[in-house]
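# Architecture at a glance
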Amino acid sequence: MNVFQWIEEARQGSAEAQESLVRHYTGMALAVAYDKLQDPHSAEDAVQEAFTEAFANLHKLQDPRRFPGWFKVIVERQCYRDLRRKQLQTLPLHEMELPAGDQRSLETVVEKKELIGQLHATIGGLPPGMRIAVQLYYFQGYSLQEISQYLGISLAALKKRLFDARRKLKNTLHVADFISVFTDLYEGGRRMLHIVNGDSVGDKLKQGNIQGDILVWRELYSFGPVFPKMDEPDYRRTRARYLEQTLGIPRKEYIETCELQERKLQDFRKYDEVVLWFEHDLFDQTMLAYLLHWFKEKSLGSTKLSLLCIGAYPGIELFRGLGQLSTEQLETLSGTWHAIGEDELALGRMLWEAYTSDRPEQHQRMLEVDSSALPFARDAFEAHLARLPSVGNGLGIIEQTTLEAVADGVHQPYELFRRVGDQLHMLGMGDLEFWFYLARMTEGPDPLLVIDGTAPFPDFKQAAPHFQDRMLQVTNPGREVLAGKAGDARTGIIDKWVGGLHVQGEALSLRWDPERKSVVRTGESDGTTN
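Here's a quick rundown of the structure. It should be emphasised that the depicted structure is a prediction, and the values quoted were computed from it without experimental measurement.

## Overview of the overall build of the protein
From N to C terminus, the protein includes 21 helices and 11 strands. Relative to its 530 residues, the protein shows a buried fraction of 50%. Summarising the internal contacts of the protein: among those between residues at least 6 apart in sequence, 65% fall at separations of at least 24. Of the roughly 24,700 Å² of accessible surface on the protein, 49% is carried by carbon and sulfur atoms.

## Side note on unusual backbone geometry
With glycine set apart, most residues show a phi of negative sign, and most peptide bonds adopt trans. In this structure, His466 takes a positive phi of about 75° despite not being glycine. As for its placement among the helices and strands, His466 is situated in the loop between β6 (449-451) and β7 (472-474). Judged by its relative accessible area of 56%, His466 is exposed. Phi angles above zero are rare outside glycine, and Lys517 is one such case at about 55°. Tracing the chain through its elements places Lys517 in the loop between β10 (510-513) and β11 (518-521).

## Observations concerning the side chain of Arg239
Residue placement: Arg239 occurs in helix α11 (residues 233-247). For Arg239, a relative accessible area of 1% translates into the label buried. Separated by 3.0 Å, the side chains of Arg239 and Tyr254 make a polar contact. Not counting the four nearest positions on each side in its chain, Arg239 is found in contact with Glu219, Leu220, Tyr221, Phe223, Gly224, Pro225, Val226, Met230 and Tyr254.

## A short note on the packing of helix α19 (residues 413-423) against helix α20 (residues 431-441)
Contact pair α19 / α20: the axes reach a minimum separation of 11 Å and the direction vectors enclose 105°. The angle between α19 and α20 falls in the class roughly perpendicular. Residues Pro413, Tyr414, Leu416, Phe417 and Val420 of α19 pack against Asp431, Phe434, Trp435 and Leu438 of α20. Classifying every residue of the contact of α19 with α20 by side-chain character gives eight nonpolar, no polar and one charged.

## Some remarks on helix α18 (residues 397-407)
Among the 11 residues that make up α18, eight are buried, leaving the element largely enclosed by the rest of the structure. For α18, the full list of buried residues reads Ile398, Glu399, Gln400, Thr401, Thr402, Leu403, Ala405 and Val406. The secondary structure elements touched by the buried residues of α18 are α19, α20, β6, β7, α21 (476-482) and β8 (495-498).

## Digging into empty space enclosed by the protein
Taking a probe equal in size to a water molecule and rolling it over the atoms shows the remaining empty space. Enumeration according to the criterion identifies three cavities of 30 Å³ or more in this entry. Val3, Phe4, His24, Tyr25, Pro64, Pro68, Gln145, Glu146, Gln149, Glu331 and Thr332 are the residues that line the largest cavity. Elements that contribute at least two residues to the lining of the largest cavity include exactly α1 (3-11), α2 (15-37) and α7 (144-151). Class assignment of the residues belonging to the lining of the largest cavity gives a composition of five nonpolar, four polar and two charged.

## What about α7?
Of all eight residues in α7, seven are buried; the element is thus mostly enclosed. Among the residues making up α7, those that are buried are Leu144, Gln145, Glu146, Ile147, Ser148, Tyr150 and Leu151. A positive backbone phi angle near 70° is found at Gly152, which sits one or two residues after α7.

## Focus: the pattern of salt bridges
Across all of its chains, the model carries 20 salt bridges by this definition. In this structure, Arg65 and Asp63 form a salt bridge, with 3.3 Å as the shortest nitrogen-oxygen distance. Since its relative accessible area comes to 54%, Arg65 is described here as exposed. On the basis of relative accessibility, which here comes to 24%, the residue Asp63 falls in the partly exposed class. Here Glu262 ties to Arg236 by a salt bridge, and the two come within 2.4 Å at their closest N and O atoms. One end of the pair, Glu262, is in helix α12 (residues 251-266); the other, Arg236, is in helix α11, with 26 residues separating them in the sequence.

## What about the sheet that holds strand β5 (residues 338-339)?
Sheet architecture is open: five strands sit in the order β2-β1-β3-β4-β5, paired in mixed fashion. Every interior strand has two partners, whereas the edge strands, β2 (213-216) and β5, have only one. Strand direction decides the pairing type here: strand β4 (residues 304-310) and β5, joined by two bridges, are antiparallel. Along β5, the bridge assignment pairs Ser306 with Ala339.

## Some words on the pairing of strand β3 (residues 273-279)
Counting buried positions along β3 gives seven out of seven residues, so the element sits mostly inside the fold. Side chains Glu273, Val275, Trp277 and Glu279 project from β3 onto one buried face, and the interleaved Val274, Leu276 and Phe278 project onto a second face that is buried too. Pairing geometry for strand β1 (residues 192-196) and β3, over four bridges, is parallel. Its bridge partner being in β3, Met192 is matched across the sheet by Glu273. For the segment spanning β3, helix α13 (residues 282-296) and β4, crossover handedness is right-handed.

## Details of the layout of surface pockets
The space that makes up the second largest pocket amounts to roughly 920 Å³. Residue lining of the second largest pocket: 32 residues in total, with Asn197, Gly198, Glu219, Leu220 and Phe283 positioned closest to the centre. In the lining of the second largest pocket, the residues fall into 13 nonpolar, nine polar and 10 charged.

## With respect to the nonpolar core
Ranked by internal contacts, the top residues of the largest apolar core, which has 90 residues, are Ile195 and Leu276. Counting residues per element, this core draws most heavily on α13, at 10 residues. Setting aside anything within four residues of it in sequence, one finds Leu276 in contact with Ile195, Leu288, Leu291, Leu292, Phe295, Ser306, Leu307, Leu308 and Ile340. Counting residues in each nonpolar core, the second largest holds 47 residues, with Tyr34, Phe71, Leu136 and Ile153 among its members.

## Description of the packing of α11 against α12
Remark: α11 packs on α12, axes separated minimally by 8 Å, with the N-to-C direction vectors making an angle of 130°. As the angle between them shows, α11 and α12 are arranged oblique. The handedness of the crossing between α11 and α12 is right-handed. Note on element contacts: α12 touches α11 through Arg251, Tyr254, Ile255, Cys258, Glu259 and Glu262, opposite Arg236, Arg239, Ala240, Arg241, Leu243 and Glu244. Of the residues belonging to the contact of α11 with α12, the class tally is five nonpolar, no polar and seven charged.

Rules behind the numbers
Residues numbered from 1 in each chain as written. Predicted model: local features only at pLDDT ≥ 70, side-chain atom pairs only at ≥ 80, totals over all residues. Heavy atoms only, no water. Helix = DSSP H or I, 4+ residues; strand = E, 2+ residues; numbered from the N terminus. Buried < 20%, exposed > 50% of the residue type's maximum accessible area, 1.4 Å probe, protein only. Contact = heavy atoms within 4.5 Å. Areas by Shrake-Rupley, 256 points an atom, 1.4 Å probe, with all protein chains shown as cover. Polar contact = N/O pair within 3.5 Å; in protein donor to acceptor, adjacent residues only side chain to side chain. Axes fitted to C-alpha atoms, helices over the stretch in contact; angles between N-to-C directions. Parallel < 35°, antiparallel > 145°, perpendicular 65-115°, else oblique. Nonpolar A, V, L, I, M, F, W, Y, C, P; charged D, E, K, R; others polar. 1 Å grid on protein atoms, 1.4 Å probe; cavity = no way out; pocket = protein on both sides within 12 Å on 5 of 7 lines; lining within 4 Å. Points joined across faces, edges and corners; volume = space filled by probe spheres on them. Salt bridge = Lys/Arg side-chain N within 4 Å of Asp/Glu carboxyl O. Pairing = 2+ DSSP bridges. Right-handed = clockwise from strand over helix to strand, strands pointing away. Core = buried A, V, L, I, M, F, W, Y, C linked by side-chain atoms within 4.5 Å. Left-handed = near helix turned anticlockwise from the far one by under 90°.

Rendered as structure tokens:
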């Protein structure tokens with residue numbers, strides 16, 4: 001849930017939403033209040049009063065996007081009231097304690113405390129606008145977008161303030177770079193690692209000044225053979241060979257990519273917090289399950305594990321994923337993640353082990369356990385099972401939806417991909433995966449579709465000129481399947497992986513019953529699995 005959703009729910013009296021707003025904006029409000037009052041206890045009291053006033057008047061705020069600036073005015077007004085009421089005693093910024101448990105030498109501790117005092121005294125001498133910008137960005141960790149909204153200035157003006165502040169601090173502290181001093185003293189503030197689901201999201205987070213390192217997790221667990229231990233060499237080679245044969249992904253490149261991202265993941269303990277950025281569809285939920293399964297087997301130490309997982313965004317009617325969002329929209333999600341606990345880790349491990357199992361009853365179990373700790377999991381894994389051949393005609397949900405779309409007049413490949421992708425958005429299916437299914441539907445002795453022309457199906461990093469101009473038509477066997485005259489579409493398409501289930505040949509007895517929401521075997525009457 002993002003900040004704007006919290007505001008809407010807080011208007012309706014949601015205590016949980018109000019608490020979320022308090023957690024998100026307290027640091028920002030304290031920075032402003034302390035700048036006015038110069039006393040930490042008075043600042044805390046002023047912020048508490050400001051939140052009370054804000055929630056009492058939240059119904060007056062017409063546009064939720066104006067909340068940061070609106071709330072800042074309330075904080076400042078409360079500070080002015082306090083200043084009029086009493087004479088304040090100030091607490092210099094440099095009188096802050098070192099972290100408990102610091103066992104370094106007395107000389108090192110004294111040197112660090114002196115440098116902290118010098119740093120804070122220097123920051124305290126900056127003009128008010130620069131001072132607050134530095135405190136909010138470097139010490140509180142807010143994004144540029146949030147700070148600009150809160151201070152009511154443009155992003156360009158804010159960036160100039162930070163640039164000018166760094167230049168002044170550099171000249172005053174006589175160091176090469178203020179950031180290096182800050183990093184040395186505070187170990188980078190909160191060192192964070194953000195794990196995201198694609199390059200597009202990763203690039204936008206970098207552009208949006210999200211603090212921390214970005215790790216793009218490049219995998220496609222929703223397609224091809226998967227195994228409980230994906231890093232075992234034999235399993236990896238098996239998967240690499242399959243992806244090369246079906247999607248054209250070079251075997252060597254796939255293996256090197258996996259090894260590189262896993263080395264980065266192994267270093268997670270050097271971060272204070274690891275944030276997983278994912279969404280509701282099967283593509284992401286399988287990735288999330290894998291990572292939770294991986295972290296479940298590790299000792300986290302002092303590293304905090306957090307999750308941001310959404311299935312909608314205000315103003316977007318059909319939310320397909322985080323990649324749809326602009327840099328500014330992604331910035332509004334900053335800090336809205338929640339801590340991952342034992343429930344999420346245990347459920348993630350169970351889901352991954354079930355998804356990669358070659359036993360259908362384990363896959364059925366994913367729909368029967370309490371999955372509320374990961375609220376998008378059940379729908380995503382139900383969509384996964386709907387890819388199995390159906391009890392009606394042997395078609396999985398992808399083949400069925402594709403056949404219906406072509407019969408409805410969608411004949412060109414890219415238009416067809418958009419139509420099917422929108423209808424089956426819960427799968428999060430990419431174009432290469434769809435081309436695999438589409439190609440299988442045009443193959444075999446009784447294909448369901450026929451495609452004209454000679455342009456090849458695209459594969460990994462391969463341009464396919466004129467492929468968009470090819471035309472698809474439903475064959476006579478395809479029309480019979482749609483009309484319900486063919487009891488079983490036994491075509492060349494029935495050779496595929498559905499999670500850990502390899503559906504082919506004798507395994508054709510394994511079916512999905514959409515009415516029962518269950519995996520069945522041919523001839524079963526009670527909907528159970530063997």
